[in-house]
Amino acid sequence: MVVEGVKTDFGPPYYKDLLHPVIAKNYGKWKYHEVVKPGVIKRVAESGDTIYVVRFGTPRLLSIYTVRELCDIADKYSDGYLRWTSRNNVEFFVTDESKIDDLINEVQEKVGFPCGGTWDASKGEYGLTNIVHTQGWIHCHTPAIDASGIVKAVMDELYEYFTEHKLPALCRISLACCANMCGAVHASDIAIVGIHRTPPMPDDDAIRRTCEIPSTVAACPTGALKPDMKNKTIKVDVEKCMYCGNCYTMCPGMPLFDPENDGAAIMVGGKLSDARRAPELSKVVVPWVPNEPPRWPTLVKYVKQILEAWAANANKHERLIEWVDRIGWERFFEITGLEFTQHLIDDYRITPYFYSEFRASTQFRW
Ligand code: SF4
Ligand code: SF4
């Protein structure tokens, strides 16, 4: 419907209108880049122009007042231009090399964001970058864990890895607060995923009033749901349910939250890039840790234990899955000190075996 006087369907502002003039001038004509130090990347164009991209960690959730502070800083140091990265770090563009440290100090002082989150593949020295994460208890209705709280607790513990290049390879940590996995957890080196451990308790009245029964039943990946025609509701076979929460996404009458039993699984060995090795889905290695707000000490301890065991043993450029490719899962569990239990044996029956025959990679020969 077109409403008179209301402009619609106009899309985002055209990005080229928002580029720093040096970037606009040299667009698609770059010669090389060089990582000067953690957080600072020098980019040199064919024209001879040089621009320094300076990266800072952010908590992703920002006050509009913080955005305004960042705008003031961008006006002062990067001619009014800035950008965010795909992992929610913020970057400024500096043409005068002598101003880089002033920018770093001012960002630290005004908004408390650390400079870092970069890596240098040419030297084989890597920083830990931001944790891609989700809404958690701040805004979603389906989480099993919080997002912002855990991210803060983990990054506090691993802070030194963000500000320095101390790791042997890339390590992406991501978090999703439920199995919907909004974001990148299914293909991250270390992934934290919110899970439930109790089946839904159907609220017949809410189901009758608010749920489309056939599509709710069809949402269950294990066929644990059946329509109950007599009572115009849904029945759960708890023996078949593995607490994914998908039926609650469909139907407000199927809540399954249980504060004592909700928590996080930790997965490892996911990878997105095609460098050296094809992409990979992350694998569960810790079936459950409890929610322990505000610092989640058990979860943080496991994440640190895994990251440091990998970092101490991996070769240069060898991401977590590549390390496991080399040493095998038996040694992985031994070195990380984790316990292998029956929970880690895949029993998700619905995924067709032939998906594993598809090439989920851009690695191929012409
Ligand atoms: S991962 Fe789940 S709980 Fe978290 S934001 Fe996405 S849908 Fe909501
Ligand atoms: S929680 Fe998942 S497995 Fe259990 S009944 Fe609902 S959709 Fe099915």
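The structure we're discussing is the one just above.
J.: In this structure, what is going on with the site of ligand 2? I would like to understand it.
T.: As a structural note, the neighbourhood of ligand 2 is formed by Pro-200, Cys-220, Pro-221, Thr-222, Leu-225, Cys-241, Met-242, Tyr-243, Cys-244, Gly-245, Asn-246 and Cys-247. Judged by the fraction of its atoms near the pocket grid, ligand 2 is located in the largest cavity.

J.: What am I meant to see in the packing of helix α4 (residues 148-157) against helix α9 (residues 297-313) here?
T.: Angle between the axes and distance between the axes: these two values describe a pair of packed helices. Remark: α4 packs on α9, axes separated minimally by 10 Å, with the N-to-C direction vectors making an angle of 45 degrees. Taken together, the axes of α4 and α9 lie oblique to each other. Crossing of α4 against α9: the hand is right-handed. Here Ile-150, Ala-153, Val-154 and Glu-157 of α4 come into contact with α9, specifically with Leu-299, Val-300, Val-303 and Lys-304. For the contact of α4 with α9, the class distribution of residues is six nonpolar, no polar and two charged.

J.: What is the right way to look at a nonpolar patch on the surface in this model?
T.: Taken together, Tyr-353, Phe-354, Tyr-355 and Phe-358 make up a surface patch of nonpolar side chains, about 510 Å² in accessible area. Here Tyr-353 shows up in the segment after α11 (329-336). A residue is classified by how much of its surface remains accessible, and Tyr-353, at 66% relative accessible area, is exposed.

J.: Could you clarify how one ought to interpret the site of ligand 1 in this entry?
T.: Within the structure, ligand 1 sits among Thr-134, Gln-135, Cys-140, Thr-142, Pro-143, Cys-177, Cys-178, Asn-180, Met-181 and Cys-182. In terms of residue class, the shell around ligand 1 is built from six nonpolar, four polar and no charged.

J.: Could you clarify how one ought to interpret the pattern of salt bridges in this entry?
T.: Pairing is possible between side chains of opposite charge, provided their charged atoms come close. Summed over the entire model, instances satisfying the criterion amount to 20 salt bridges. Note that Arg-319 and Asp-189 form a salt bridge whose closest N and O atoms lie 2.6 Å from each other. With Arg-319 in the loop between α9 and α10 (320-327) and Asp-189 in the loop between β8 (173-176) and β9 (190-195), this pair connects stretches of sequence that are 130 residues apart. A residue is classified by how much of its surface remains accessible, and Arg-319, at 5% relative accessible area, is buried. Measuring nitrogen to oxygen at the nearest pair gives 3.1 Å for the salt bridge that ties Glu-280 to Arg-277. Overlapping salt bridges bring together Arg-277, Glu-280, Lys-283 and Asp-325 as one network.

The rules we used
- Residues numbered from 1 in each chain as written.
- Chains lettered and ligands numbered in written order.
- Predicted model: local features only at pLDDT ≥ 70, side-chain atom pairs only at ≥ 80, totals over all residues.
- Heavy atoms only, no water.
- Near = heavy atom within 4 Å.
- 1 Å grid on protein atoms, 1.4 Å probe; cavity = no way out; pocket = protein on both sides within 12 Å on 5 of 7 lines; lining within 4 Å.
- Sits in = over half its atoms within 2 Å of the grid points.
- Axes fitted to C-alpha atoms, helices over the stretch in contact; angles between N-to-C directions.
- Helix = DSSP H or I, 4+ residues; strand = E, 2+ residues; numbered from the N terminus.
- Parallel < 35°, antiparallel > 145°, perpendicular 65-115°, else oblique.
- Left-handed = near helix turned anticlockwise from the far one by under 90°.
- Contact = heavy atoms within 4.5 Å.
- Nonpolar A, V, L, I, M, F, W, Y, C, P; charged D, E, K, R; others polar.
- Patch = residues over 30% accessible without salt bridge, like charges linked within 9 Å, V, L, I, M, F, W, Y side chains within 5 Å.
- Areas by Shrake-Rupley, 256 points an atom, 1.4 Å probe, with all protein chains shown as cover.
- Salt bridge = Lys/Arg side-chain N within 4 Å of Asp/Glu carboxyl O.
- Buried < 20%, exposed > 50% of the residue type's maximum accessible area, 1.4 Å probe, protein only.

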